[in-house]
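Below, each chain spelled out in residue letters.
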Amino acid sequence: MTEHWWLRSYFDRVRLQVADGPNAWGHTYGTDALYHWASGAYAGVGINHTRMNVQRNPMVRGSLGYRFTLRELFHLINFN
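Residues numbered from 1 in each chain as written. Predicted model: local features only at pLDDT ≥ 70, side-chain atom pairs only at ≥ 80, totals over all residues. Heavy atoms only, no water.

### Looking at the overall build of the protein chain
Tallying secondary structure elements over the protein chain gives 1 helix and 4 strands in all. For the protein chain, the C-alpha radius of gyration of 18 Å lies well beyond 12 Å, the compact-globule estimate for 80 residues. The buried share among the 80 residues of the protein chain stands at 22%. Relative to all contacts within the protein chain whose residues are 6 or more apart in sequence, the contacts with residues 24 or more apart total 35%. For the protein chain, the exposed surface amounts to about 6600 Å²; the carbon and sulfur share of it is 59%. Distance between charge centres in the protein chain, computed from 8 positive and 5 negative side chains, equals 8 Å. (Helix = DSSP H or I, 4+ residues; strand = E, 2+ residues; numbered from the N terminus. Rg over C-alpha atoms; globule rule 2.2 N^0.38 Å. Buried < 20%, exposed > 50% of the residue type's maximum accessible area, 1.4 Å probe, protein only. Contact = heavy atoms within 4.5 Å. Areas by Shrake-Rupley, 256 points an atom, 1.4 Å probe, with all protein chains shown as cover. Lys, Arg positive; Asp, Glu negative; His and termini not counted. Charge placed at Lys NZ, Arg CZ, Asp CG, Glu CD.)

### A look at the pairing of strand E2 (residues 24-36)
Pairing of strand E1 (residues 5-16) with E2 involves 12 bridges; the strand directions are antiparallel. Paired with Arg 15 across the strands is Trp 25, a residue of E2. Where E2 and strand E3 (residues 41-52) come together, 11 bridges link them in antiparallel fashion. Bridging across to E3, Gly 26 finds its partner in Met 52. If you look at the hairpin formed by E2 and E3, you'll find 4 residues sitting between the two strands, and Gly 40 has a positive phi there, around 105°. (Pairing = 2+ DSSP bridges.)

### As for the packing of aromatic side chains
All chains considered together, the criterion is met by 3 aromatic pairs. Judged by centre distance (6.4 Å) and plane angle (20°), the ring pair of Phe 11 and Tyr 29 falls under stacked. Residue Phe 11 is found in strand E1, and its partner Tyr 29 is found in strand E2; the two are separated by 18 residues along the sequence. Accessibility expressed as a relative area gives 55% for Phe 11, which makes it exposed. For the ring pair Tyr 35 and Trp 37, a centre distance of 5.1 Å and an interplane angle of 75° mean the geometry is edge-to-face. Given the relative accessible area of 25%, Tyr 35 is considered partly exposed. Linked through ring pairs, Trp 5, Tyr 35 and Trp 37 together constitute an aromatic cluster. (Phe/Tyr/Trp six-rings, centres within 6.5 Å; stacked < 30°, edge-to-face > 60°.)

The structure is reproduced here in structure tokens:
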């Protein structure tokens, strides 16, 4: 969208393991609006939808994180 505002979408297949019952398979998907600061930190809010068997649960989700490139990570490690 812009230099600081990004959209993130995802779709994940999930497995729920229940101690006293059968395992369940489902999926979760959603979209987040994220604001990125120049330092690499980001925060966002989004809509998430999870479905396990016949149960469906839409919800609002929040995100906090720090983004860096692999080049930055390897630059921090001294290989000498």
